[in-house]
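One-letter residues, chain by chain:
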Amino acid sequence: MAPARRLSALALFLLASFLSPGFLAQEAKPREEFDDVRVVGCAAFTEKELLAAGGLKRPSKLQIFRKRFSIKRSAVEEGAKEIQLFYQRNGYFEATATLRGGESGVAEVAVTEGAACSVSEVILGLDPEDAPTGPVSLESVRASLPLKAGERFTVHAYEGAQKAATRAFKDNGFPFADTKAEALADLATHTVTVRLTVTPKGRAVFGPVLVQGVKHTEEVIIRRALVFTEGEPYDQRLVEKSQNALFAMGLFESVAVFPKRKSEPGTATMVVRVREGRHHRVRVGLGYGTYEEVRWQLAWETLRVNDRILTLGTSVKSSAIETNATGYLKRPYFLFYRQLAPTVPI
């Protein structure tokens, strides 16, 4: 009977091991991959918006010949964090988003929204308080802000208000204006008080221009593209128009126009920083049309000749209907010293 007793003892040991909490916990291990993901409990935003905010994708309806869709648990958990952050950036500071379920293969991101916080007041001030504002009216700046009292608080509008306050001064002669933004949330009343403090840092006029990054480009052409003139009141809009005009010439990979921090008082020394692009371009095209049949195009151009900005090019086109060749020679600002631009009101 001894062998039978030993066998019974072994069977009891295996049964106890099978029923042990550790073994059961191992069997109940959560899924690491899901076949689908859903967002539940949302009312302020659609499920589509929240999935996009979390960087989560659902299986396509047209998935007949595609590989089976799956998404990892870690990706869903990270997406839930992004969805919660999305709510908080849109004024739902008490919102939560957590992963739950998933035993059936569908992961659910459960959202608890809570109450949205609204803007109670937008306080716009100066630092120092008696700083001169020139033609800028604080009341008109406040009226133009994208953040209004009574509306739901969003980080997008909050940051936009900060930029708008700064921009109002930069467009009217204050090249180095800066705005400090503060938001105080009261979760008991679900309100947010926003304070914007503008530091104008003094008015200035456009000063001399420093050109950087030029290797094979005539500096005089760059200066002719600028739409501001030395001595006129600083205006950020003119700076941006000049930057766009330089980039539109097609000569540069990057263009930056900005005021130099260390300038003479009352003057904004302007820096034009460029990075030159390729000197030569080749374009090849091939197509087919009902009447033209096979058509093709070959074009070549150079943007500089002996370090002078001179666009020289040729193009050949051919089809069953016609064949033609053209050549061209272009010199920017050949007739005009500077670009003609509409007057911007100050």
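Residues numbered from 1 in each chain as written. Predicted model: local features only at pLDDT ≥ 70, side-chain atom pairs only at ≥ 80, totals over all residues. Heavy atoms only, no water.

Asks: Is there a simple way to explain the pairing of strand β13 (residues 293-305) in this structure?
Replies: Side-chain positions along a regular strand alternate between the two faces of the sheet. As paired strands, strand β12 (residues 280-289) and β13 are joined by 10 bridges and run antiparallel to one another. Paired with valine 282 across the strands is tryptophan 300, a residue of β13. Count of turn residues in the β12/β13 antiparallel hairpin: three residues. (Pairing = 2+ DSSP bridges. Helix = DSSP H or I, 4+ residues; strand = E, 2+ residues; numbered from the N terminus.)

Asks: Whenever I open this one, the sheet that holds strand β4 (residues 96-101) confuses me. Can you help?
Replies: Backbone hydrogen bonds hold the strands of a sheet together, and the pairing may be parallel or antiparallel. Judged by pairing direction, the sheet is mixed, and its three strands sit side by side in the order β2-β5-β4 without closing on themselves. Of all the strands in the sheet, the pair left with one neighbour each is β2 (36-40) and β4. Strand-to-strand, the axes of this sheet are offset by a mean angle of 25 degrees, without reference to chain direction. By the bridge criterion, six bridges tie β4 to strand β5 (residues 106-112) in an arrangement that is antiparallel. (Axes fitted to C-alpha atoms, helices over the stretch in contact; angles between N-to-C directions.)

Asks: What is the right way to read the side chain of asparagine 90 from this model?
Replies: Checked against the element boundaries, asparagine 90 lands in the loop between α4 (73-89) and β4. If sequence neighbours within four positions are ignored, asparagine 90 has contacts with Phe45, Arg152, Phe153 and Thr154. (Contact = heavy atoms within 4.5 Å.)

Asks: Explain the packing of aromatic side chains here, please?
Replies: Here the distance between the centres and the angle between the planes together describe a pair of aromatic rings. Summed over all chains, the structure comprises 10 aromatic pairs. The interplanar angle of 40 degrees and the centroid separation of 5.0 Å between the aromatic rings of phenylalanine 206 and tyrosine 234 together place this pair among those described as tilted. You can see phenylalanine 206 sitting in strand β9 (residues 205-212) and its partner tyrosine 234 sitting in the loop between α7 (219-225) and α8 (236-248), a full 28 residues away along the chain. By relative accessible area, which is 0% here, tyrosine 234 ends up buried. By the ring-pair criterion, three or more aromatic residues cluster together here, those being Phe45, Phe86, Tyr87 and Tyr92. (Phe/Tyr/Trp six-rings, centres within 6.5 Å; stacked < 30°, edge-to-face > 60°. Buried < 20%, exposed > 50% of the residue type's maximum accessible area, 1.4 Å probe, protein only.)

Asks: Help me understand the environment of valine 37, please; the structure alone is not making it clear to me.
Replies: Here valine 37 lies in strand β2. The class of valine 37 is buried, set by a relative accessible area of 0%. Considered as a pair, valine 37 and isoleucine 71 are 34 residues apart in the sequence and their alpha carbons are 8.1 Å apart. If we skip the residues at most four places from it in the chain, valine 37 touches Leu51, Leu56, Lys57, Arg58, Val76, Ala107 and Val109.

Asks: Can you help me understand the pairing of strand β11 (residues 267-276) in this one?
Replies: Judged by how many residues are buried, β11 sits mostly within the fold: seven of 10 residues are covered. Inspection of the sheet shows β9 paired to β11 by six bridges, in the parallel sense. When the sheet's bridge partners are listed, valine 209 is paired in β11 with methionine 270. Where strand β10 (residues 252-259) and β11 come together, seven bridges link them in antiparallel fashion. Residue phenylalanine 252 lies in a different strand from β11, and its bridge partner there is glutamate 276.

Asks: I would appreciate a short explanation of the nonpolar core in the present structure.
Replies: Within soluble globular proteins, side chains that are nonpolar generally end up buried alongside one another. Of all hydrophobic cores here, the largest spans 25 residues; its most connected members are Phe228, Leu246, Val257, Met270 and Val272. Those elements giving two or more residues to this core turn out to be β9, α7, α8, β10 and β11. The greatest single-element share of this core, amounting to four residues, is contributed by β11. Core analysis: the next-biggest nonpolar cluster, separate from the first, contains 24 residues, Leu147, Phe153, Val194 and Val198 among them. (Core = buried A, V, L, I, M, F, W, Y, C linked by side-chain atoms within 4.5 Å.)

Asks: Explanation requested: the pattern of salt bridges in the structure shown.
Replies: If charged atoms from side chains of opposite charge come close, those side chains can pair. Throughout the structure, instances matching the rule amount to 12 salt bridges. As a salt-bridge pair, glutamate 108 and arginine 100 come within 3.2 Å of each other at their nearest N and O atoms. Measuring nitrogen to oxygen at the nearest pair gives 2.6 Å for the salt bridge that ties arginine 167 to aspartate 171. Sharing partners across several salt bridges, the network here consists of Arg167, Asp171, Asp235, Arg237 and Glu240. (Salt bridge = Lys/Arg side-chain N within 4 Å of Asp/Glu carboxyl O.)

Asks: How should I be thinking about the environment of valine 214 in this particular structure?
Replies: Position of valine 214 among the secondary structure elements: in the loop between β9 and α7. The class of valine 214 is partly exposed, set by a relative accessible area of 30%. A C-alpha to C-alpha distance of 9.9 Å links valine 214 and phenylalanine 252, two positions 38 residues apart in sequence.

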